[in-house]
Amino acid sequence: MTTSAHSTSTFTTAHSKDNNHSDTLDALIVGAGFAGIYMLYKLLNLGLKVQVIEEGSGVGGTWYWNRYPGARCDVESMEYSYSFSKELLQDWTWSHRYSTQAEIMEYANHVVDTFGLRPYIKFNTKARSAHYDEARKEWEIKTDAGDLYRAHYNIMATGTLSSVNRPRFEGLDSFKGEWYLTGRWPKEGVDFSGKRVGIIGTGSSAVQATPVIAEQAGHLTVFQRTANYSIPARNEPLGAEEIDDIKANYPGIWARATKSRVGMGFIELGTKGALEATPEERELEFSKRWAKGGAGFGAAYTDILSNEAANETAAEYVKAKIREIVRDPITAKILSPEITLGCKRMCIDSGYYEAFNRDNVDLVDVGSAPIQRLVADGIQTTDGEYQLDIIVFAMGFDALTGALNAIDIRGRSGMALRDKWADGPRTYLGLASEGFPNMFTITGPGSPSVLSNVLRSIEHHVDWITDCITFIKNSECSEIEANFTAEDEWTQHVEDVAKDTLRYKCDSWYVGANIPGKKRVFLPYSGGLPVYREKCQDVVSKGYEGFVVS
Ligand code: NAP
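Everything quoted here is computed from the prediction, not taken from an experiment. (Residues numbered from 1 in each chain as written. Predicted model: local features only at pLDDT ≥ 70, side-chain atom pairs only at ≥ 80, totals over all residues. Heavy atoms only, no water.)

Remarks on the site of the ligand
Operational definition: By convention in this text, a residue qualifies as near a molecule or strand provided that one of its non-hydrogen atoms is within 4 Å of it. Any pair of N or O atoms that falls within 3.5 Å is considered a polar contact. Within protein, one atom must be able to donate a hydrogen and the other to accept it, and sequence-neighbouring residues count only if both atoms are side-chain atoms. Every accessible area reported is derived by Shrake-Rupley at a probe size of 1.4 Å, with residue values counting cover from the shown protein chains alone. Each helix is a run of H or I in the DSSP string that is no shorter than four residues. Each strand is a run of E no shorter than two, and both are numbered from the N terminus. What marks off one domain from the next here is an automatic or database domain assignment.
In the region of the ligand, 23 residues are neighbours, and R72, T202, S205, T226 and K344 sit closest. Note that an oxygen atom of the ligand is positioned 2.5 Å from one of the side-chain N or O atoms of T226. Taking K344, its side chain carries an N or O atom lying 2.7 Å from an oxygen atom of the ligand. In the complex, 87% of the free accessible area of the ligand, which totals 910 Å², lies under the protein chains. If one sorts the elements of the shell around the ligand by residue count, helix α5 (residues 204-216) sits on top with three residues. Looking at the shell around the ligand, you find at least three residues from each of domain 1 (25-163 + 399-549) and domain 2 (172-393).

With respect to the packing of helix α6 (residues 240-248) against helix α7 (residues 250-259)
Defined as follows: A fitted line through C-alpha atoms represents every axis, and for helices the fit uses only the stretch in contact; the resulting angles, taken between N-to-C directions, go from 0 to 180 degrees. These descriptions rest on fixed angle ranges, namely under 35 degrees for roughly parallel, over 145 for roughly antiparallel, 65 to 115 for roughly perpendicular, and the rest for oblique. Any two residues whose heavy atoms approach within 4.5 Å are treated as being in contact. Here the term charged refers only to Asp, Glu, Lys and Arg, the term nonpolar to Ala, Val, Leu, Ile, Met, Phe, Trp, Tyr, Cys and Pro, and the term polar to all other amino acids, Gly among them.
Where α6 meets α7, the closest approach of the two axes is 5 Å, and the angle between their N-to-C directions is 65 degrees. Comparing their axes, α7 and α6 come out roughly perpendicular. In contact with I246, K247 and A248 of α6, α7 contributes Y250, P251 and I253. For the contact of α6 with α7, the class distribution of residues is five nonpolar, no polar and one charged.

Some remarks on the domain arrangement of the protein chain
When the parts come together, some accessible area is lost, and that loss is often what is quoted as the size of the interface. Our working rule: Joining two parts hides part of their accessible area as seen by a 1.4 Å probe, and the buried area is that hidden amount summed over both. The salt bridge definition used is simple: a Lys or Arg side-chain nitrogen within 4 Å of an Asp or Glu carboxyl oxygen.
According to the domain assignment, the protein chain contains domain 1 (25-163 + 399-549) and domain 2 (172-393). The distance between the C-alpha centroids of domain 1 and domain 2 comes to 27 Å. With 52 residues of domain 1 at the contact, the number on the domain 2 side is 51 residues. Across the domain 1/domain 2 interface, buried area totals approximately 4,300 Å², and carbon plus sulfur atoms make up 55% of it. Contact with domain 2 buries area across many residues of domain 1, yet M78, R97 and L502 alone supply 18% of it, more than any other trio. Counting every contact that joins domain 1 to domain 2 gives two salt bridges. Here K505 makes a salt bridge to E308, at a shortest N to O gap of 3.7 Å. Here domain 1 is connected to domain 2 by 25 residue pairs in polar contact (both at pLDDT 80 or more). Sorting the residues of the side of domain 1 that touches domain 2 by element identifies α2 (62-65), α3 (86-91) and α16 (529-541) as the ones contributing at least two each.

Topic: the pattern of salt bridges
We count it as follows: The classification of residues rests on relative accessible area computed with a 1.4 Å probe and restricted to protein chains. Under 20% of the type maximum is buried, over 50% is exposed, and intermediate values are partly exposed.
Applying the stated criterion across every chain yields a total of 34 salt bridges. Between R345 and D74 there is a salt bridge, and its shortest N-O distance comes to 2.8 Å. In this pair, R345 sits in the loop between α10 (329-335) and β11 (347-349) while D74 sits in the loop between α2 and α3, placing the two residues 271 residues apart along the sequence. R373 is paired through a salt bridge with E170; the nearest N and O atoms lie 3.4 Å apart. With R373 in strand β13 (residues 371-375) and E170 in the loop between β6 (148-156) and β7 (178-181), this residue pair connects regions lying 203 residues apart in the sequence. On the basis of relative accessible area, R373 is assigned to the partly exposed category, the value being 28%. Among the charged side chains, a network of salt bridges with common partners joins D133, R136, E138, E140, K142 and R150.

Remarks on the layout of surface pockets
To keep things clear, this is the line we draw: Lining residues are defined by having an atom within 4 Å of a point belonging to a cavity or pocket. Those points lie on a 1 Å grid over the protein atoms alone, cavities being sets where a 1.4 Å probe fits but cannot get out and pockets being open sets with protein on both sides within 12 Å along at least five of seven lines. Grid points are joined across faces, edges and corners, and a volume is the space filled by probe spheres set on the points.
There is about 790 Å³ of room inside the second largest pocket. Together, 33 residues line the second largest pocket, and V262, G298, A299, L305 and R503 are the ones closest to its centre. Each of two domains, domain 1 (25-163 + 399-549) and domain 2 (172-393), supplies a minimum of three residues to the lining of the second largest pocket.

Some remarks on the state of the cysteines
Here is the rule we go by: Two cysteine sulfurs form a disulfide in these notes if their separation is within 2.5 Å.
Counted by the stated rule, this structure contains one disulfide. The disulfide that involves C343 links it to C506, with 2.3 Å between the sulfurs. You can see C343 sitting in the loop between α10 and β11 and its partner C506 sitting in the loop between α15 (484-499) and α16, a full 163 residues away along the chain. With a relative accessible area of 1%, C343 lands in the buried category. No disulfide involves C468; its nearest neighbouring cysteine sulfur is the one of C477, lying 10 Å away. Between C536, a free cysteine, and C468, which holds the nearest cysteine sulfur, the sulfur-to-sulfur gap is 11 Å. The exposure class assigned to C536 is buried, which follows from its relative accessible area of 0%.

Okay, here's the thing in structure tokens:
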């Protein structure tokens, strides 16, 4: 990996370690990803007794598990960073515009060690259940490692894209080769040299992994069910001057991010509709953004995600680029998406379409000829059999609800969260759910989360939860719980706002369509971060309106 100078100093660590899980904690945090790390930092600084439990053997959350070849950030690293500490912002230096998974892990570890957080995290410890004890007004959290914690607050920092969509193919056990999940990649890596490799999926994970595996493998077959759009990242090392400039201008960048629907200060948001521009203007604008690379392409015009005709202009531009890049016209055609641009999250790549020009890469359309089963020597589709030594499943996640529903969470009267959410998640602001007092879900369903730079959404939620806990403490109350009406209205609002976007109609993980049997509900809040922040602030200003504080 690329490691440039990163850290030069250590600062602010003013709390003592005093955690014994036989005592009642103020807060138990599940997960040591970016959300859990910052939540821990904030609550320790309030002087609370806090414990984090983490399934992995290290911090980083989804970045810890997703160490597949080519894994890197698709939000620019200089803003895929915590903003809460001026010192941290100046101290840490990213090496590339989009950093590798390994460098992101280094950053997460740097933050944890800089602020002295590691002693409060118990690794290799998976939350199995969290039950609310109404008499004691405490949460009782049990782990797979046999621990039992009691805590006043139960904070779920379990991540939005962390519960892996595991393969359910018939015959998986009969496959004689090796197989791997991008979302649970082995630490020791995988040797692809000379091997016949198959990768199932063409979402962000596969789009990042494909060019890298193609370089290492003897032969790579990409099994594509639905073609998606990918924009070149134009990743490159960051120059010293650029880094200094960004570091000097962070306050302005965060101010812009706060006003941005997607919480990104770097992305220039278009100010008019695509159809208000002439074809020549559009061509120029899309070309400028294609040349710059990254997610800014989708923000060229205000109506790309709300107007079919506007969307078509951007979609056509990308399809023309695919035809330009991919030499074989049949492969180019199969790679050309038929879906609306952005309805499945757009991918950001480094040489994805170019990889199909290699002699050792083939594309198989399993949309028209589906995978029937795995067999001893590979994959059988309705069209034939593909002989493979290694299969990589890049099939995504049970997004937003999967990690929460994987834990047996029970609130008042033993109500199970997964039963309550059987017809889709019901939350108030994505932060809390009625019947589950003193439980918070960081970037939970019903909040902007995955529709924003998630670091901004995480920081917003953690700050809000910290203020809320401070309020409860100061008001000498002991419980806070979303009320039914507020939750009902918010859940409906999340659905109503989503209906105005083109994303609503498409089969994607945004609506749970990638998981067989999952209720189709639009999961994140699509009203934009500024509107959402205002709503959260308004709730606080009105004395936690919509919550019952007792
Ligand atoms: P994904 O976008 O859900 O893609 C999963 C892929 O697997 C899709 O192409 C899907 O096809 C295919 N698939 C699923 N089940 C299949 C089956 N039974 N047969 C054939 N194909 C099947 O998952 P992902 O690529 O892991 O990305 C998920 C999200 O994680 C991204 O959208 C992004 O938000 C995040 N992510 C971010 C980064 C980053 O750089 N920051 C990197 C990776 C992921 P269909 O489309 O037909 O369902």
